[in-house]
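Residue-level listing of the chains:
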Amino acid sequence: MRTAASPVAPCMTIKQTRFIGDTGSGHHLVPRCDVSNADATEYVRELGYPLTLNTAGGYVAPDGVVDVDAPVFGDSIEALVLRSTPHVISIGERCQAKGYAFHWPAWSAHPYMVTPAGRIIYFEVEGYIPYVTLDEGDSAMKWESALPAESSTRESDQADPRELAPVSYTHLTLPTK
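Remember, predicted model here, so these are calculated numbers, not experimental data.

Calculation rules
- Residues numbered from 1 in each chain as written.
- Predicted model: local features only at pLDDT ≥ 70, side-chain atom pairs only at ≥ 80, totals over all residues.
- Heavy atoms only, no water.
- Helix = DSSP H or I, 4+ residues; strand = E, 2+ residues; numbered from the N terminus.
- Buried < 20%, exposed > 50% of the residue type's maximum accessible area, 1.4 Å probe, protein only.
- Pairing = 2+ DSSP bridges.
- Axes fitted to C-alpha atoms, helices over the stretch in contact; angles between N-to-C directions.
- Salt bridge = Lys/Arg side-chain N within 4 Å of Asp/Glu carboxyl O.

Details of unusual backbone geometry
- In this structure, D39 takes a positive phi of about 50 degrees despite not being glycine.
- By the secondary structure assignment, D39 is in the loop between α1 (32–37) and β4 (53–55).
- Residue class for D39 comes out exposed when judged on its relative accessible area of 58%.
- Not every positive phi belongs to a glycine, and W107 is a case in point at roughly 70 degrees.
- With respect to the secondary-structure elements, W107 resides in the loop between β9 (101–103) and β10 (112–114).

Observations regarding the pairing of strand β6 (residues 64–70)
- Most of β6 sits inside the fold, with 6 of its 7 residues counted as buried.
- Here β6 pairs with strand β7 (residues 75–82) via 7 bridges, running antiparallel. In the strand pairing of β7, D67 is matched with E78.
- Connecting β6 to the next strand, β7, in antiparallel fashion are 4 residues, including G74 with a positive phi near 80 degrees.

Quick notes on the sheet that holds β10
- If you trace the 3 strands from one edge of the open sheet to the other, you get β9-β10-β11, paired in antiparallel fashion. Strands with a single pairing partner mark the edges of an open sheet, and in this sheet they are β9 and β11 (120–122). Taking each pair of neighbouring strands and ignoring which way they run, the sheet shows an average axis angle of 25 degrees.
- With 3 bridges joining them, β10 and β11 adopt antiparallel strand pairing.

Observations regarding the environment of E46
- Relative to the helices and strands, E46 resides in the loop between α1 and β4.
- A relative accessible area of 74% means that E46 is categorised as exposed.
- As a C-alpha pair, E46 and D63 span 17 residues in sequence and 7.7 Å in three-dimensional space.

Examining the pattern of salt bridges
- Scanning all chains against the criterion turns up 7 salt bridges.
- The partner of R18 in a salt bridge is E126, with the nearest N and O atoms 3.2 Å apart. Of this pair, R18 sits in strand β2 (residues 18–22) while E126 sits in strand β12 (residues 124–126), and the two are 108 residues apart along the sequence.
- Looking at E126, the relative accessible area reads 47%, which means it is partly exposed.
- The closest approach of N and O atoms between D67 and R45, which form a salt bridge, is 3.3 Å. Of this pair, D67 sits in strand β6 while R45 sits in the loop between α1 and β4, and the two are 22 residues apart along the sequence.
- Residue classification places D67 among the buried residues on the basis of a relative accessible area of 1%.
- Note on R45: relative accessible area 24%, which makes it partly exposed.
- Residues participating in the shared-partner salt-bridge network are R18, E124 and E126.

Right under this line is the structure:
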């Protein structure tokens, strides 16, 4: 992982491509063909440590790692390059390492992330799978435009998402014997 003092690696750009918002992947992933198509193979770096991923297609070692421009997040992502993979954004990395929050209100087709600065990034859903596009304009839409055209009777679809996010948690301490 780079520190603030280390040089910034060049970023490749992947436009108009949906990334799966994955809570089961600890790594951002991009397919090798995207790196080749973007003429960004020279941007791929060695990972620096041995890593084998247990995927649906079996055990896979990444080709390396590449920085991908992610304007929707206001930064870049460090993605593993795999021979064959869907485009994946690690929800866990964004939340635990970068300070984001991820919310999917009950009954809603509009999951979203909240950046550390409080900006909302919406995901689109297809087949119960959340997707985000790294291009700024595609995912950072207004809440009203993300709602279906027909009127909804579900309160969660009509409320401002910031009101749906938990503000505090109640901790219950059970008595010990």
